[in-house]
Amino acid sequence: MSNTESKAEQTPHVLSKQEIYTLLHNRTKQWDFPTLSSLPHPYTLKSCKEASEFLAEKIRPHLTAQNSHHIQNTPADTAKPCKILVVGDYDVDGVIASVVMMKFFAQLGYGDVEYVIPSRFVDGYGISSAIIKQHPSDVIITVDNGITAYEAAEYCAAQGIPLIITDHHIPKDTLPNAPFIINPQQRDCTFVQKEICGALVAWYFCAGLKVALGAEISLTPLLELVMLATIADMMPLTQINKCVVLYGLKQFDRSQIPALRKLKSRLKTRYVTATDISFSLTPLINAAGRMGEGRIASEFLLLDCNSLESNMHAKVFESKPASQPESPESTHTLEHALDSGLQALLMLNQTRKDTAKAVLESAHASAIVYEHAIIARGDDWHEGVLGIVAAQLASAYERPAFVLSTSLKNPADVHAPNHSQNLVQTCLKGSARSWNDIDIMEILLGASEILGEFGGHSKAAGLSVKSELFEAFCAYLSQLQDPPKCKSRSGSATGDSGQCGCGDEGEALGEMAVLPIDSRDIDEELFALLDKFEPYGQGNPKPIFTSILRIKKIQPIKSHKKFSFFNTPIQGMWFFAKEGCMQGEWARVQFSMQMDSFSHRPIMIIQSIEPVLARETM
């Protein structure tokens, strides 16, 4: 064999740092909101101005004296205060949207407000006539739900209760009968970005109400909470979302919100990224609604000195028996309440992990795999983890996933003598999760004649289907060809990589999903360049590189491996490492970069290592 034949295939053109910068710059240059002051006015959201002015007239006369100096033209209190009910949702977005509303009204000094986080297991999703009956009110505001609440809207209309719907989920052809609907996904809403989370829609409504009242208060700190919801709900980190998340990450170390400071203490790194938030913090908040009551998370986030003094939010965490004495020093301190709240979330999250693991094993065993979809069905799988399991199946099989289960008629039925016969066999409920740039809602809309209720956005959705139609739904999935891709719902031809952030991530970097780079350019300067384009996540994926490196040292660390190389000073970590190359060998290494929380230096996060026959020309 000749020397030429023994050489590995020639390396493609490698990119310089300047070329990498240009690619990233071109991907982000159309995102026109570099600062908070550049964000669009709240009244650019359809119906926000009308809803804000309506509610401002209702509450203006009843703002407390100590806060009335913040409000323009506050007349005397001459009538009964308007009782407001905020109805949220049990996921991170719905919980935080509720917290944003409650903190806003507290800032205003308006106290005739209560909020409800529906129970996943008792109330089901979103606002209902039952919730309205249980919580009499004069005005109702939904946050992160309501766009398909037809029955509840009709009930409000019949009772003469004004209903303000704030939501971000995709509407169906017919809208609920509500006087005010604030949702950027409406076809005739010209708001600049369609894909924003429910908490941001709620924040914008608060901003509109602030304008209508002429209130001199700051809503900026509440964006720290909205940052968490944006990441948790897999919103594209483009345009407005990128601006909000950047602000939230920068403020995280010095947050004015005690619960966020407590959550930050869970992180092992000083350099918090959107990925850290997604993997380490939002699951804790989500665990409350998945495994117990979402209100556990909302009460934790609402804790502050004022609420503690009035005993508003700390009591939800009191778990010690009445016979066990507690010292006044511990029970009445904010720190103690925060610790108790965090421990409650940690315990729920561990239960969530254990439950999800068991359901995932069953789902793998029962899964039916089609060319463009995977579906799993079970009996009495825990409803709170179906979305997690669907996401894991989508990742494992690299296609959209649907996870459905029968469920109990009522959680109390688990104690009934004929528990096994109480399963609702006529209907399956579950979750769907997208893969890559496939629009899960468009898939569900194509099966609308088969499905029962369903709703969500391009990346995640909930659905139900009658048991007798399960086979028909499977047949529909088996026939999927060219699954629908995410596209701008405003009609733009740019696709979601520009507008909604769900477009082809490879095309977004010049048709290269993996960027070839010279080993000599893997250094701290490269990391500094990449850092300019944070936060990375949905719609703004972190660049993946490939380079030919010679392995200097391999250090096993439990099931992981730490690498050092001859031709770059940057070390690499390969988590859950597979069998790879030996010391001294040349290898093609695929990696991303991040800041190491221990050494405080950039490191490579290795995705794969493949041996090469000889060093390829760089």
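Description of the structure in this document. (Residues numbered from 1 in each chain as written. Predicted model: local features only at pLDDT ≥ 70, side-chain atom pairs only at ≥ 80, totals over all residues. Heavy atoms only, no water.)

## Considerations on the sheet that holds strand E9 (residues 427-433)
Pairing within the open sheet is mixed, and its 6 strands lie in the order E6-E7-E8-E9-E11-E10. Each edge of the sheet is formed by a strand with only one pairing partner; in this case those strands are strand E6 (368-369) and strand E10 (454-456). Alignment of E6 against strand E7 (residues 374-379), held across 2 bridges, turns out to be antiparallel. Pairing of Val369 across the sheet is with Ile374, part of E7. Those strands touched by helix H17 (residues 386-397) are E6, E7, strand E8 (401-406) and E9, and its axis lies near 50 degrees from that of E9. (Pairing = 2+ DSSP bridges. Helix = DSSP H or I, 4+ residues; strand = E, 2+ residues; numbered from the N terminus. Contact = heavy atoms within 4.5 Å. Axes fitted to C-alpha atoms, helices over the stretch in contact; angles between N-to-C directions.)

## Here's the deal with the side chain of Glu534
Mapped onto the fold, Glu534 is located in the loop between helix H20 (524-531) and strand E13 (544-557). In this structure Glu534 is buried but unpaired, with Lys542 as the nearest side chain of opposite charge at 4.8 Å. Of note is the side chain of Glu534, whose polar atom sits 3.0 Å from the backbone nitrogen of Tyr536. Once you skip the residues sitting within four places of it in the chain, Glu534 turns out to touch Lys242, Leu246 and Thr273. (Buried < 20%, exposed > 50% of the residue type's maximum accessible area, 1.4 Å probe, protein only. Lys, Arg positive; Asp, Glu negative; His and termini not counted. Salt bridge = Lys/Arg side-chain N within 4 Å of Asp/Glu carboxyl O. Polar contact = N/O pair within 3.5 Å; in protein donor to acceptor, adjacent residues only side chain to side chain.)

## Some details on the packing of aromatic side chains
Under the defined criterion, the tally for this structure stands at 11 aromatic pairs. Between Phe105 and Tyr110, the ring centres sit 6.3 Å apart and the planes meet at 50 degrees, which makes this aromatic pair tilted. Among the residues examined, Phe105 registers a relative accessible area of 1% and is labelled buried. Judged by centre distance (5.3 Å) and plane angle (90 degrees), the ring pair of Trp203 and Tyr204 falls under edge-to-face. Each member of the pair, Trp203 together with Tyr204, is buried. Put simply, the rings of Phe104, Phe105 and Tyr110 pair up and form one aromatic cluster. Positioned above the aromatic ring of Phe454 is the side chain of Lys172, whose terminal nitrogen or guanidinium carbon lies 4.4 Å from the ring centre. Over the face of the ring belonging to Phe566 we find Arg550, whose NZ or CZ atom lies 4.6 Å from the ring centre. (Phe/Tyr/Trp six-rings, centres within 6.5 Å; stacked < 30°, edge-to-face > 60°. Lys NZ or Arg CZ within 6 Å of the ring centre and 35° of its normal.)

## Quick word on the nonpolar core
Ranked by size, the top nonpolar core spans 112 residues in total, and within it Ile84, Phe105, Leu200, Trp203 and Leu301 carry the most contacts. Looking at which element gives the most residues to this core, the answer is helix H8 (residues 198-213), with 12 residues. Sequence-distant contacts of Trp203, defined by excluding residues within four places in its chain, comprise Val100, Leu219, Leu222, Leu223 and Val226. Counting residues in hydrophobic clusters, the runner-up holds 30 residues, among them Ile20, Leu529, Phe563 and Ala587. (Core = buried A, V, L, I, M, F, W, Y, C linked by side-chain atoms within 4.5 Å.)

## Quick word on the packing of helix H5 (residues 92-108) against helix H13 (residues 294-302)
Where H5 contacts H13, the two axes come as close as 9 Å, and the packing angle between them is 40 degrees. As the angle between them shows, H5 and H13 are arranged oblique. With respect to the hand of their crossing, H5 and H13 are arranged in right-handed fashion. Across the interface between the two elements, Val95, Ile96, Val99, Met102 and Lys103 of H5 pack against Gly294, Ala297, Ser298, Leu301 and Leu302 of H13. Here the contact of H5 with H13 is built from residues that sort into 7 nonpolar, 2 polar and 1 charged. (Parallel < 35°, antiparallel > 145°, perpendicular 65-115°, else oblique. Left-handed = near helix turned anticlockwise from the far one by under 90°. Nonpolar A, V, L, I, M, F, W, Y, C, P; charged D, E, K, R; others polar.)

## Here's the deal with the side chain of Arg352
With respect to the secondary-structure elements, Arg352 resides in helix H16 (residues 334-366). Asp354 provides the closest opposite charge to the buried, unpaired Arg352, separated from it by 9.1 Å. Apart from the residues lying within four places of it in its own chain, the contact partners of Arg352 are Pro283, Arg290, Met291, Val385 and Ile388.

## So, the pattern of salt bridges
Under the counting rule described, the total for this entry stands at 15 salt bridges. In this structure, Lys262 engages Glu335 in a salt bridge whose closest nitrogen and oxygen atoms are separated by 2.4 Å. Of this pair, Lys262 sits in helix H11 (residues 258-264) while Glu335 sits in helix H16, placing them 73 residues apart in sequence. Glu335 gets classed as partly exposed once you look at its relative accessible area, which sits at 45%.

## Observations concerning the environment of Leu404
As for its position among the elements, Leu404 is in strand E8. For Leu404, a relative accessible area of 0% translates into the label buried. Excluding residues that lie within four positions of it along the chain, Leu404 makes contacts with Ile375, Ala376, Arg377, Gly378, Trp381, Leu428, Lys429, Gly430, Leu463, Val465 and Phe470.

## Quick notes on helix H3 (residues 48-59)
Relative to the 16 Å expected for 12 residues at 1.5 Å per residue, H3 spans 16 Å between its end C-alpha atoms, a close match to the ideal helical length. Those residues of H3 that sit buried are Cys48, Ala51, Ser52, Leu55, Ala56 and Ile59. Seen from one end, H3 has its buried residues packed into an arc of 130 degrees, which puts them on one side. Buried residues belonging to H3 abut strand E1 (84-87), H5, strand E3 (139-143), strand E4 (163-166), strand E5 (180-182) and H8. (Expected span 1.5 Å × (residues − 1). Arc of directions from axis to C-beta.)

## Topic: H13
Taking burial as the measure, the 9 residues of H13 include 7 buried ones, the bulk of the element. The set of residues buried in H13 consists of Gly294, Ala297, Ser298, Glu299, Phe300, Leu301 and Leu302.

## Some words on the packing of H5 against H8
Interhelical geometry of H5 versus H8 gives an angle of 20 degrees and a closest axis separation of 8 Å. It follows that H5 is roughly parallel to H8 by the angle criterion. At the point where H5 passes H8, the crossing takes the right-handed sense. Touching Asp93, Ile96, Ala97, Val100, Met101, Phe104, Phe105 and Leu108 of H5 are Gly198, Ala199, Ala202, Trp203, Phe205, Cys206, Leu209, Lys210 and Leu213, all from H8.

## Focus: the sheet that holds E4
Whenever strands of a sheet pair, they do so through backbone hydrogen bonds, lying parallel or antiparallel. Strand order in the open sheet formed by 5 strands is E2-E1-E3-E4-E5, with parallel pairing between adjacent strands. On the outer flanks of this sheet lie strand E2 (113-116) and E5, each paired with one strand and no other. Here the strands of the sheet are splayed against their neighbours by 15 degrees on average, with no regard to which way each runs. Strand direction decides the pairing type here: E1 and E2, joined by 4 bridges, are parallel. Paired with Val86 across the two strands is Tyr115, which belongs to E2. Each of E1, E3, E4 and E5 touches H3; the most contacted strand, E5, lies at about 125 degrees to it. Its contacts with the sheet put H5 on E1, E2 and E3, and the angle it makes with E3 is roughly 135 degrees.

## A short note on the environment of Ala460
Relative to the elements of secondary structure, Ala460 occurs in strand E11 (residues 460-466). By relative accessible area, which is 11% here, Ala460 ends up buried. Distance in space between the C-alpha atoms of Ala460 and Ala391 is 8.8 Å, their sequence separation being 69 residues. Contact partners of Ala460, with chain neighbours within four places excluded, come to Met234, Ala432, Arg433 and Ile440.

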